[in-house]
Amino acid sequence: MPKNLLLLAGDGIGPEIMDEVKKIINWLNINKKLQLKITEELAGGCSFDAHDTPLTDDVLYQAMDSDAVLLGAVGGPKYDEIEFSKRPERALLRLRKELRLFANLRPAICFSELVTASSLKPEIVSGLDILIVRELTGGIYFGEPRGVEPIANGDRKGVNTHVYTSKEIVRVAKVAFDLAMKRNKKVTSAEKSNVMEAGMLWKEEVQKLYDNNKDYADIELSHILADNCAMQLVRNPRQFDVIVTDNLFGDILSDQAAMLTGSLGMLPSASLSEKDKNGRIRSMYEPCHGSAPDIAGQGIANPLAMILSFAMALKYSLDLDKVADDIESAVKAVLKDGLRTPDIMENGKRKVSTSEIGSAVIEKLK
Ligand code: IPM
Ligand code: MG
């Protein structure tokens, strides 16, 4: 059956890394007889330039109708001064909210070929394979009230609200437990229950879900304060299997985890909704890195996080596990051959461009 993919390349290096995924899709359609139909649309700063909004309703509806959305990156200094509601990042946040993508999976895997590319010692990161499950549609990113308002004496007040319901906590914790069952059966829940009431609720609800569910009996659950989690991630990251946490802590901890793998340019992500009435799950796949405006247009961006995000789409949304595995193996093989974009370059390796590394992945698929 044909599958519809909506490609939102976005800004900065987004289009360059998406080009490599397009090349792979094209190759798969021809050589593996897949029927992946792509539609390309604007989101982020490029949409603001064209339509005065970071995301048009039309693109949102197309996202809702597609089998999966692939997003490159949004944002750039050019848009720093525009009104908050029209900032490129709003495209991303609106897509996450409207598609109800509450579960964000960010796997941080240190490929053995990159073990010396990390800023941490090889013995700390070697064999690293952790999964951060980040809540993506709640917390301080979306809580009300929010805004900046004038107060007395010409002063101003900026407000954001960190808020979670039990239901939102349980829903994402369940995803973490279910995924842990297929992995090393260890879940660490990170919050700030020592200072935040919402953090206390988070901890209680996660514990309650665990205690009340016999299916999770084999799982080892622990709770950690988010600041300690940040510290443990650089001290001894391999103690973790699945980390479940809220939207903001997940944002921060996943950037940190990414660097353990060698480069932010290596970390893919999947964002998933609940099943709707028709059993359908909505999804969006994007690299964890940003639009990197400083290197955009130079053909030196690392497309591997984007390519690995596409592989996650094949696995989680398109029922093409085998093809996904092949792509992951191809990425590993390319790294093994010593090809490196500048972000992961090391002595003795061959520095290549964005498109060269993309083409090399296709060569390995043959
Ligand atoms: C991420 C990004 C986004 C976030 C930005 C671009 C809005 O940092 O996906 O981690 O904060 O969620
Ligand atoms: Mg982030």
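A.B. asks: In this structure, what is going on with the overall build of the chain? I would like to understand it.
C.D. replies: Each helix and strand in the chain was counted, giving 12 helices and 14 strands. Computed over the C-alpha atoms, the radius of gyration of the chain is 20 Å, within 12% of the 21 Å expected from 2.2 N^0.38 for a compact globule of 366 residues. By its C-alpha atoms, the chain is 55 × 50 × 45 Å across when sized along the principal axes. Counting only residues that meet the buried cut, the chain has 46% of its 366 residues in that class. Excluding contacts between residues fewer than 6 apart, the proportion of contacts in the chain whose partners are at least 24 apart in sequence is 73%.

A.B. asks: Whenever I open this one, the packing of helix α1 (residues 14–31) against helix α12 (residues 354–365) confuses me. Can you help?
C.D. replies: Two measures define how a pair of helices packs: the angle their axes make with one another and the distance between the axes. In contact at an axis separation of 9 Å, α1 and α12 are set at 20° when each is read in the N-to-C sense. One element, α1, and the other, α12, form an angle in the roughly parallel class. By crossing handedness, the relation of α1 to α12 is classed as right-handed. Taking contact as the criterion, the partners of Glu 16, Ile 17, Glu 20, Lys 23, Ile 24 and Trp 27 in α1 are, on α12, Thr 354, Ser 355, Gly 358, Val 361, Ile 362 and Leu 365. Taken together, the residues that form the contact of α1 with α12 break down as 6 nonpolar, 3 polar and 3 charged.

A.B. asks: Got a minute to help me understand the nonpolar core in this structure?
C.D. replies: The nonpolar side chains of a soluble globular protein tend to be buried, and buried together. In terms of nonpolar packing, the biggest core is built from 104 residues, with Leu 70, Val 133, Ile 243, Ile 307 and Phe 310 touching the most fellow members. Both domains that meet at this core, namely domain 1 (1–106 + 266–366) and domain 2 (129–260), each give it at least three residues. In contact with Phe 310, other than residues within four places in its own chain, are Val 21, Ile 24, Leu 70 and Tyr 285.

A.B. asks: Sorry if this is basic, but what is going on with the site of ligand 1 here?
C.D. replies: Every residue near ligand 1 is listed here: Glu 89, Leu 92, Asp 251, Cys 288 and Gly 290. Here the shell around ligand 1 is composed, by residue class, of 2 nonpolar, 1 polar and 2 charged.

A.B. asks: Please clarify how helix α9 (residues 247–260) should be interpreted in this entry.
C.D. replies: The end-to-end C-alpha separation of α9 is 20 Å, in line with the 20 Å expected for 14 residues at 1.5 Å each. Those residues of α9 lying buried are Asn 247, Phe 249, Gly 250, Leu 253, Ser 254, Ala 257, Ala 258 and Leu 260. Angular distribution of buried residues about the axis of α9 spans 160°; they occupy a single face of the element. Against the buried residues of α9 lie β4 (103–109), α5 (122–125), β5 (129–135), β8 (186–191), α8 (226–235) and β10 (242–245).

A.B. asks: Explain unusual backbone geometry to me, please; I cannot follow it from the model alone.
C.D. replies: Most of the time, phi is negative for any residue but glycine, and the peptide bond is trans. The residue after Glu 144, namely Pro 145, is reached through a cis peptide bond having omega -5°. Mapped onto the elements of the fold, Pro 145 is located in strand β6 (residues 143–150). The phi dihedral of Asp 52 falls on the positive side, at around 65°, and the residue is not glycine. Looking at where Asp 52 falls in the secondary structure, it is placed in the loop between α2 (45–51) and α3 (57–65). Despite not being glycine, Ala 292 shows a phi value in the positive range, around 40°. Here Ala 292 shows up in the loop between β12 (281–285) and α10 (304–316).

A.B. asks: In this structure, what is going on with the pairing of β12? I would like to understand it.
C.D. replies: Within a regular beta strand, the side chains point alternately toward one face of the sheet and then the other, so they alternate between its two faces. Across the 5 residues of β12, 4 count as buried, placing the element largely inside the fold. Note that strand β3 (residues 68–73) and β12 share 2 bridges and pair parallel. Bridging from a neighbouring strand, Leu 70 pairs with Tyr 285 of β12. In terms of strand pairing, strand β11 (residues 270–275) meets β12 through 4 bridges, oriented antiparallel. Counted as the bridge partner of Ser 271 is Met 284 from β12. The antiparallel hairpin formed by β11 and β12 contains 5 residues in its connecting segment, where Gly 279 sits at a positive phi of about 80°.

A.B. asks: Is there a simple way to explain the environment of Lys 192 in this structure?
C.D. replies: As for its placement among the helices and strands, Lys 192 is situated in the loop between β8 and α7 (197–211). C-beta crowding within 10 Å serves as the criterion here: with 18 such atoms nearby, Lys 192 is assigned to the partly exposed category. In the structure, Lys 192 is positioned 35 residues away from Asp 227 in sequence and 7.9 Å away in space, judged by C-alpha atoms. Contacts of Lys 192, omitting those with residues within four sequence positions, involve Gly 199, Leu 225 and Ala 226.

A.B. asks: What am I meant to see in the packing of α1 against α10 here?
C.D. replies: The geometry of α1 relative to α10 is characterised by a closest axis approach of 8 Å and an angle of 45° between their N-to-C directions. Relative to α10, the element α1 lies oblique. Here α1 and α10 pass one another in a crossing that is right-handed. Seen from α1, the contacting residues are Ile 17, Met 18, Glu 20, Val 21 and Ile 24; seen from α10, they are Met 306, Ile 307 and Phe 310.

A.B. asks: Any chance you could explain the domain arrangement of the chain here in plain terms?
C.D. replies: Size of an interface, as often reported, equals the accessible area lost when the parts are brought together. By the assigned domains, the chain splits into domain 1 (1–106 + 266–366) and domain 2 (129–260). The C-alpha centroid of domain 2 is placed 25 Å from the C-alpha centroid of domain 1. In this complex, domain 1 contributes 14 residues to the contact, which on the side of domain 2 involves 15 residues. The set of elements that each furnish at least two residues to the side of domain 1 that touches domain 2 consists of α4 (89–98) and β4. Considering each element in turn, the side of domain 1 that touches domain 2 owes the most residues, 4 residues, to β4. Residues of the side of domain 1 that touches domain 2, tallied by class, amount to 8 nonpolar, 2 polar and 4 charged.

About the thresholds
- The residue numbers shown here count from 1 along each chain, following its written sequence.
- Chain labels run from A onward and ligand labels from 1 onward, assigned in the order the entries are written.
- Local features in this predicted model are restricted to residues whose pLDDT is 70 or higher, and side-chain atom pairs enter the listing and the counts only when it is 80 or higher, whereas totals over whole chains, interfaces and linings include all residues.
- Starting at the N terminus, helices and strands are each numbered in turn, a helix being any DSSP run of H or I of at least four residues and a strand any DSSP run of E of at least two.
- C-alpha atoms define the radius of gyration, and 2.2 Å times the number of residues to the power 0.38 defines the globule rule.
- Around each residue's C-beta, the other C-beta atoms within 10 Å are counted; 20 or more make the residue buried, 12 or fewer make it exposed, and counts in between make it partly exposed. All C-beta atoms are placed from the backbone.
- Any two residues are considered in contact once their C-beta atoms, placed from the backbone, lie within 7 Å.
- Inter-axis angles, ranging from 0 to 180 degrees, are taken between N-to-C directions of lines fitted to C-alpha atoms, where helices are fitted over the stretch in contact.
- When describing relative orientation, an angle under 35 degrees is termed roughly parallel and one over 145 degrees roughly antiparallel, while 65 to 115 degrees is termed roughly perpendicular and anything else oblique.
- Each crossing gets its handedness from the near helix: less than a right angle anticlockwise from the far helix is left-handed, clockwise is right-handed.
- Under this grouping Gly is polar, as are all residues other than the nonpolar Ala, Val, Leu, Ile, Met, Phe, Trp, Tyr, Cys and Pro and the charged Asp, Glu, Lys and Arg.
- A set of buried residues drawn from Ala, Val, Leu, Ile, Met, Phe, Trp, Tyr and Cys, joined through C-beta atoms within 7 Å, is what defines a nonpolar core.
- Where each domain starts and ends comes from a domain assignment, either automatic or drawn from a database.
- Nearness between a residue and a molecule or strand is assessed with a C-beta atom placed from the backbone; a distance within 6 Å qualifies.
- Here the expected length of a helix is defined as 1.5 Å per residue gap, with one fewer gap than residues.
- This arc describes the spread of directions from the helix axis toward the C-beta atoms.
- At least two bridges found by DSSP between two strands are what make those strands a pair.

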